[in-house]
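Coordinate inspection notes
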Amino acid sequence: MGALTNLLLLLLVVAVMVIWVMLPWYGVVALALLFAGWMLFTRRGQQAASVAGVGISTLGQRMGSSAVIVIGIAGVVGVLVALLAMGEGYAETLRKTGSDDTAIVMRGSSAAEVMSVLDHDSVTLIPQAPGIARDAKGQPIASPELVVAANLPLKGGTADDEGSVQLRGVGEQAWAVRPNVKIVEGCNFQPGMRELVVGKGAAKEFAGLEPGHTIHLGSQQWTVVGVFSSGDAMDSEVWGDASVVADTYRRGSSRASVTVRLTDPKAYDAFKAELDGNPQLKVDVNTTLDYFSKQSEGMTKVIRIVGITVGLIMAIGAMFGALNTMFAAVAARAREIATLRAIGFPGLPVVVAVMLETMLLALLGGLLGGLLAWLIFNGYSASTLAAGTVGKLSFELKVSPALLWTGLKWALAIGFIGGVFPAVRAARLPVTTALREL
Amino acid sequence: MKYLHLIWAALFRRKARTILTLVSIIAAFLLFGMLDAVRTSFNQAGQSANGAQRLQTGSKLSFIQTLPQSLEAQISQVPGVKMVTYANWFGGAYQDPHNQVFSFAVEPNYIDLYPEIEVSAAERKAFDETRTGVLVGEKLAKRFNWKVGDKIPLQSTIFPNREGSKNWTFDIVGIMHSKDKKAGGFYDQLFLLHWKYFDETTPFNRGTVGWYVTRVADVNQADRVAKAIDAISANSDHETRTQTEQAATANWMKQLADIGLIVGSIMGAVFFTLLLLSGNTMMQAVRERTSELAVLKTIGFSSHSVLAMVLAESVLLLLLGGSIGLGLATLIIPVLSAGSGGMLNLGAVSASSWVLGIVLMILIGLLVGALPALRAMRLNIVDALAGR
């Protein structure tokens, strides 16, 4: 008999978890309202509210053991949110880099810019396609660019600690294609000179990338003349004049890609069709949004899987901690609960009261963990070698409201499981046994 | 030791509670085992004896820049160099440009420099004799269901062949196995083709190589040899940079992410939670047993032995849970690595992780037991028996 009800209880918990995972936020709000209504307007609900009131008002006396639930759950939520924020920040940085009204043209079946080579003829042919926006002088806004990996010393490392940074050789039009890139310090490089402008993120990762400094690329000296900021993946790059970069890296007149600004997103299909249909060209055309989103796919997935695995294991630990604490709390109040039952309170209000207490502690834990994650990690900058590029990509962790909501949902789920078994036990304990206990 | 049964009985006085606490501890140490495996596998990447013996020489300008083939003869003249080989990126991808394969075009003696790679003599011979032959790592072969004798198409995301198409065809002639399963994940993913075939087929390489690998006769001479190799092309238009494979890998890993920080902060959060949790359990356990402890003292146990027994109980609790957790991690990690089809390559739980784990268990056990044990030691017999 006991085993059967326990099995049923387990099945119920599993069912509740499945529903809980799929429930959207307005579902939760509706549920909370329904529950509040029940507590306010039905007799059972009012009984539950008063029993819960007693339990909650004595929480202060059980500070130590209540803190176990709160801090345990805060730990789970904090770590989970921080890890997911890392994935989010990474994906967001690459997503922001692209838009649907710019397109990138690379040689066919190149997975990334660094692997692509477009010869001089292609580079001159591509800007003649229809659908490209024109600047004030009537020139098509198309930027042929070159991407190479440059080895530079890392900041804070020994002289031998070299990292790889993505060096982009650009022309005038690069700025027109990406209006969000702005020089924030110093000035732009002069065409034909060995001068560089560096992204904010790159300046943070690598040594010597300050205006006025000279750095070595191979046997040549380059002067850093300015710092630019874009708020996306370009921040991790270093830009120089395309023809000078091509010279240094012996690339001749070839380029890696051509990025164009379209007249509007709808012009993309015609633009792509024209290039695909041109027998002189063997190129792949993508909107930059598509291109950069695809680059982030794999890494984002890995980070998410790691985050959820770690969170899950921690959640199991915290759940059993909560179970333990609530069983102890119920045992300590066994006589009190039995007295309530003896004077006529049915089982349900007792179950609800214990549940409510645990959920409240879990909610506190979730809020605390989310707050900590937000305070410590929101805007925290991290960096990694990005797939498809040849340099370090720096990005900021982003603790979004959606992530906080996910964390809160986890907290409440842990609280639910941690509370439901002790609650049912409290309600099922025979009154006479409980009164005799201790 | 003679009180072990007593401590054991005390530990399982309340079975349900002890088991619940144990599960929490198991979860914490399972996580510890997995994270520590990741951390050590990152730290140890390339740290093998072979890694210290091999030097990598690449372009100082950029790792994608190629070097002239004529350097080979010059490098082999450097005193202390035992063997030289070279390789190129091939940038292979199977079926979809995003399905990338670690593919290098190598000189036939490449495998001689990597004793970690195991290839049967017959397959090695077949590779040497087949122009379009390739050797593939066993995990890679498993991932795409390749067998010896298969003719497979591979796209290069960098190099077109003579017809201008980027679709290349290769014959699989052998499967490579890495000898050291723990650190060898990388070799099982590798795809090796002939440099000569590659160079003759693509119009873009023109006899250049991506990087040189040198085996030095004496590890202690590695630094001197590296400097001598770099001196050959100093002030030329193809300056080189030579590092031991160990240093190069460590450098590369450092760029991937600050693994130490992330792993460290997760472990901090886990252990703080754990500390609180088991500390609370121990407090409860001692509180409940006040009268029992008083009886122990009455029949002649000294205050110090009561202190020791409570401490031993909490250490035992941690050791029990911790060992199960670490044991689980040891079992799960190989399964996870295998299940992901080579996508994840976690290291194994090493002996050093176990030592660190056990030290942590004892420390945490002492820490959480300290307060209740002190309480038990200071217990006044008369008050405790009277329930005051």
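Residues numbered from 1 in each chain as written. Chains lettered and ligands numbered in written order. Predicted model: local features only at pLDDT ≥ 70, side-chain atom pairs only at ≥ 80, totals over all residues. Heavy atoms only, no water.

**Topic: the overall build of chain B**
Within chain B, the regular secondary structure consists of 15 helices and 13 strands. The C-alpha atoms of chain B give a radius of gyration of 30 Å, which is well past the 21 Å a tight globule of 388 residues would have. Principal axes of the C-alpha set define a box for chain B whose edges measure 95 × 45 × 35 Å. Across the 388 residues that make up chain B, the buried fraction comes to 51%. A fraction of 79% describes how many contacts in chain B between residues 6 or more apart in sequence connect residues 24 or more apart. Of note, chain B has its 35 positive side-chain charges centred 12 Å away from the centre of its 29 negative side-chain charges. (Helix = DSSP H or I, 4+ residues; strand = E, 2+ residues; numbered from the N terminus. Rg over C-alpha atoms; globule rule 2.2 N^0.38 Å. Buried < 20%, exposed > 50% of the residue type's maximum accessible area, 1.4 Å probe, protein only. Contact = heavy atoms within 4.5 Å. Lys, Arg positive; Asp, Glu negative; His and termini not counted. Charge placed at Lys NZ, Arg CZ, Asp CG, Glu CD.)

**Thoughts on the pattern of salt bridges**
What the rule picks out here adds up to 22 salt bridges over all chains. In this structure, A:Arg95 and A:Glu92 form a salt bridge, with 3.0 Å as the shortest nitrogen-oxygen distance. Taken as a pair, A:Arg95 and A:Glu92 lie in helix H4 (residues 63-97) at a separation of 3 residues, close to a single helical turn. Overall, the relative accessible area of 39% leaves A:Arg95 in the partly exposed class. A salt bridge links B:Glu288 to B:Arg17; the nearest nitrogen and oxygen atoms lie 3.0 Å apart. (Salt bridge = Lys/Arg side-chain N within 4 Å of Asp/Glu carboxyl O.)

**Considerations on the packing of aromatic side chains**
Tallied over the full model, the rule gives 32 aromatic pairs over all chains. Their ring planes at 55° and their centres at 5.1 Å tell us that B:Trp89 and B:Trp211 sit as a pair that is tilted. Here B:Trp89 is found in strand S3 (residues 81-89), whereas its partner B:Trp211 is found in strand S12 (residues 211-216), with 122 residues between them in sequence. A relative accessible area of 13% places B:Trp211 in the buried class. An aromatic cluster is present here, built from B:Phe90, B:Tyr94, B:Phe144, B:Trp146, B:Phe159, B:Trp168, B:Phe170, B:Phe191, B:Tyr197 and B:Phe198 joined pairwise through their rings. Looking at A:Lys409, its charged tip hangs above the ring of A:Trp20, at a distance of 5.8 Å from the centre. (Phe/Tyr/Trp six-rings, centres within 6.5 Å; stacked < 30°, edge-to-face > 60°. Lys NZ or Arg CZ within 6 Å of the ring centre and 35° of its normal.)

**Observations concerning the side chain of B:Glu116**
Here B:Glu116 is to be found in the loop between helix H5 (110-113) and strand S6 (117-118). Polar contacts involving the side chain of B:Glu116 include one to the side chain of B:Arg54, which spans 2.8 Å. (Polar contact = N/O pair within 3.5 Å; in protein donor to acceptor, adjacent residues only side chain to side chain.)

**Thoughts on the interface of chain A and chain B**
Each side of the interface is counted separately: chain A has 53 residues, and chain B has 51 residues. Applying the counting rule to chain A against chain B returns 0 salt bridges. Inspection of the region where chain A meets chain B yields 11 residue pairs in polar contact (both at pLDDT 80 or more). If you list the elements that add at least two residues to the side of chain A that touches chain B, you get H4, strand S2 (142-153), strand S3 (162-170), helix H10 (288-332) and strand S11 (381-385) of chain A. With 13 residues, H10(A) is the single largest residue contributor to the side of chain A that touches chain B. Partitioning the side of chain A that touches chain B into residue classes produces 25 nonpolar, 19 polar and 9 charged. (Nonpolar A, V, L, I, M, F, W, Y, C, P; charged D, E, K, R; others polar.)

**Observations regarding the pairing of strand S6 (residues 214-217) of chain A**
Residues and elements named next belong to chain A. Covered by surrounding structure in S6 are Ile215 and Leu217 only, the residues Thr214 and His216 on the alternate face being uncovered. Two strands pair when backbone bridges link them, and S6 and strand S7 (residues 220-229) are joined in this way by 4 bridges, in the antiparallel orientation. Within the sheet, the bridge partner assigned to His216 lies in S7 and is Gln221. Taking the residues between adjacent antiparallel strands as the criterion, S6 and S7 are bridged by 2 residues, where Gly218 takes a positive phi near 65°. (Pairing = 2+ DSSP bridges.)

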